[in-house]
Amino acid sequence: MDVILLGPPGAGKGTQALAIEQHVGLVHVSSGDLFRAAIKHGTPLGLQAQAYMQRGELVPDDLVIRMIIERITACDCAGGVLFDGFPRTEAQAQALDLALARTGRQINDVLFLNVPDDTLIKRMSGRQICGVCGAIHNLYFFPSRRAGICDHCGDLLYQRSDDTIATARRRLDVYFEQTRPLIEYYRRQRKLIEIDGLRPIESVTEAMLEALGALHPIERAA
Ligand code: AMP
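Just so it is clear, the model here is predicted, and its values are computed rather than measured. The numbers attached to residues start from 1 for each chain and follow its sequence in the written order. Predicted model: local features are reported for residues with pLDDT of at least 70 only, side-chain atom pairs are reported and counted for 80 or more only, and whole-chain, interface and lining totals are derived from all residues. Hydrogens and water molecules were not included; the side-chain quantities draw on all heavy atoms of the structure.

Enquirer: What am I meant to see in the state of the cysteines here?
Expert: What we call a disulfide is simply a covalent bond connecting the sulfur atoms of a pair of cysteines. Here, a disulfide means two cysteine sulfur atoms that sit within 2.5 Å of each other. Applying the stated criterion to the full structure yields zero disulfides. Residue C130 stays outside any disulfide, its sulfur separated by 3.5 Å from that of C153, the closest cysteine. Cysteine C133 is unpaired, with the sulfur of C150 as its nearest cysteine sulfur at 3.7 Å.

Enquirer: Sorry if this is basic, but what is going on with helix α3 (residues 44–55) here?
Expert: Side chains of residues three or four places apart in an α-helix project in the same direction, reflecting 3.6 residues per turn. Only protein chains enter the calculation, and the probe is 1.4 Å; a residue is then buried if its accessible area is under 20% of its type maximum, exposed if over 50%, and partly exposed in between. Strands are runs of DSSP state E lasting at least two residues, helices are runs of H or I lasting at least four, and both sets are numbered from the N terminus onward. Looking at α3, one finds that the buried residues are G46, A49 and M53. Looking straight down α3, one finds that the buried residues subtend no more than 75° of arc, so they occupy a single side. Seen from the buried face of α3, the exposed residues on the opposite side, beyond 90 degrees, are P44 and L47. For α3, the elements touching its buried residues are α2 (31–40) and α7 (165–179). The first or second residue beyond α3 is G56, which carries a positive phi of 80°. Each direction from the helix axis to a C-beta atom contributes to the arc, which is the arc of those directions. By definition in these notes, contact holds between two residues if any of their heavy atoms fall within 4.5 Å.

Enquirer: Looking at this structure, I do not really get the environment of A11. What am I missing?
Expert: Topologically, A11 is positioned in the loop between β1 (2–6) and α1 (13–24). Sequence separation between A11 and L34 is 23 residues, and the spatial gap between their C-alpha atoms is 19 Å. The residues touching A11, leaving out its near neighbours within four places in the chain, are L113, V115, L120 and R123.

Enquirer: Before we go on, may I ask you to explain the site of the ligand in this structure?
Expert: Any residue with a heavy atom lying within 4 Å of a molecule or strand is counted as near it. Inspection of the region around the ligand gives 16 residues, with S31, R36, E57, R88 and Q92 positioned closest. Pairs of N or O atoms within 3.5 Å make up the polar contacts considered here, provided that, within protein, one atom can donate a hydrogen while the other can accept it, and that residues adjacent in sequence are counted only when both atoms are side-chain atoms. S31 is positioned such that a nitrogen or oxygen atom in its side chain is 2.7 Å from a nitrogen atom of the ligand. Contacts to the ligand include R36, whose side-chain N or O atom sits 2.9 Å from an oxygen atom. When isolated, the ligand has an accessible area of 480 Å², and the protein chains bury 96% of it. Among the elements that make up the shell around the ligand, the one with the highest residue count is α2 (four residues). Looking at the shell around the ligand residue by residue, the class counts come to six nonpolar, four polar and six charged. What sets the accessible areas is the Shrake-Rupley method with a 1.4 Å probe; for residues, cover comes only from the shown protein chains. By the convention adopted, Pro, Cys, Tyr, Trp, Phe, Met, Ile, Leu, Val and Ala count as nonpolar, Lys, Arg, Asp and Glu as charged, and the other residues, Gly among them, as polar.

Enquirer: Is there a simple way to explain the pattern of salt bridges in this structure?
Expert: Opposite charge on two side chains allows them to pair when their charged atoms are near. Each salt bridge in this description consists of a side-chain nitrogen of Lys or Arg and a carboxyl oxygen of Asp or Glu lying within 4 Å of one another. All chains considered together, the criterion is met by 11 salt bridges. Here R160 ties to D162 by a salt bridge, and the two come within 3.0 Å at their closest N and O atoms. With respect to class, R160 is no different from D162; both count as buried. The network of salt bridges with shared partners includes R127, R160, D162, D163 and R171.

Enquirer: I tried to follow the sheet that holds strand β8 (residues 192–196) on my own but got confused; where do I start?
Expert: Either a parallel or an antiparallel arrangement is found when strands of a sheet pair, and the pairing is made through backbone hydrogen bonds. Two strands make a pair as long as DSSP finds a minimum of two bridges between them. The parallel open sheet is built from five strands, whose spatial order is β2-β3-β1-β4-β8. Each having just a single partner strand, β2 (27–30) and β8 make up the two edges of the open sheet. Here the average twist between neighbouring strands, direction ignored, is 20°. By the bridge criterion, three bridges tie β1 to strand β3 (residues 81–84) in an arrangement that is parallel. Within β3, the position partnered with I4 by the bridge is F83. Lines are fitted to the C-alpha atoms to define the axes, a helix being fitted only along its stretch in contact, and any angle between axes, read from their N-to-C directions, falls within 0 to 180 degrees. Helix-sheet contacts for α2 involve β2 and β3, and the interaxial angle to β2 is about 65°.

Enquirer: Would you mind going over the nonpolar core with me for this structure?
Expert: Side chains that are nonpolar tend, in soluble globular proteins, to be buried together. In this text, buried Ala, Val, Leu, Ile, Met, Phe, Trp, Tyr and Cys residues form a nonpolar core when linked through side-chain atoms within 4.5 Å. Counting 31 residues, the largest nonpolar core has I4, L6, I68, F83, L96 and Y186 as the members making the most contacts within it. Mapped by element, the contributors of at least two residues to this core are β1, β2, α3, α4 (61–72), β3, α5 (90–101), β4 (107–114) and α8 (181–188). Element by element, the count of residues in this core is highest for α4, at six residues. Filtering out sequence-adjacent residues up to four positions away, L96 remains in contact with I4, I72, F83, F86, P87 and I107.

Structure, rendered in structure tokens:
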């Protein structure tokens, strides 16, 4: 089974991916995380991607598509992938359909996390991530018990450099122009499942698991 988490930046895709990946037995592939790792390691891909990310723009399709296809052809992804942050354009969606079809696979479900625009800016600009365990806190909605310290492992929290208010606004504009049309793309394929992303984190997780289980009872039982 291959599943896409679709939604605007700040909708909670990363948080939900961490919560559901083990339950559904899929490998979590986040294009943003892959770019951040490439930047950290100073690879040519990281150097190319960095400027786009800092401006809140999309990295060009050819770079993203090559990176994702390389990642999902690794053997740990053979049993299915939970895509987070990819695809973000129609060209990426088509390339993904083609790549999966080559191995007899296809996207089974697209979970669209719907959150109103005014909440998204706060979600992005308040986001704090643990550098060690990857847990995600938020200064406004889900603050850590001790400022700057992860509740889960006690390590330091950091803020992504593209989570400033100005970049968050630009990322939202880019989402409306380039990624929102994918809602229609997957609706036409009858794969879109809309989830209300304003509910508490655990309820959203439950709704996602239920949606996947209800649609795939055999895989759920397996
Ligand atoms: P994310 O962690 O998913 O919010 O992604 C952070 C940034 O990485 C985005 O604002 C883009 O600059 C870049 N990025 C991540 N995924 C993609 C993608 N599928 N296509 C183009 N750029 C991407």
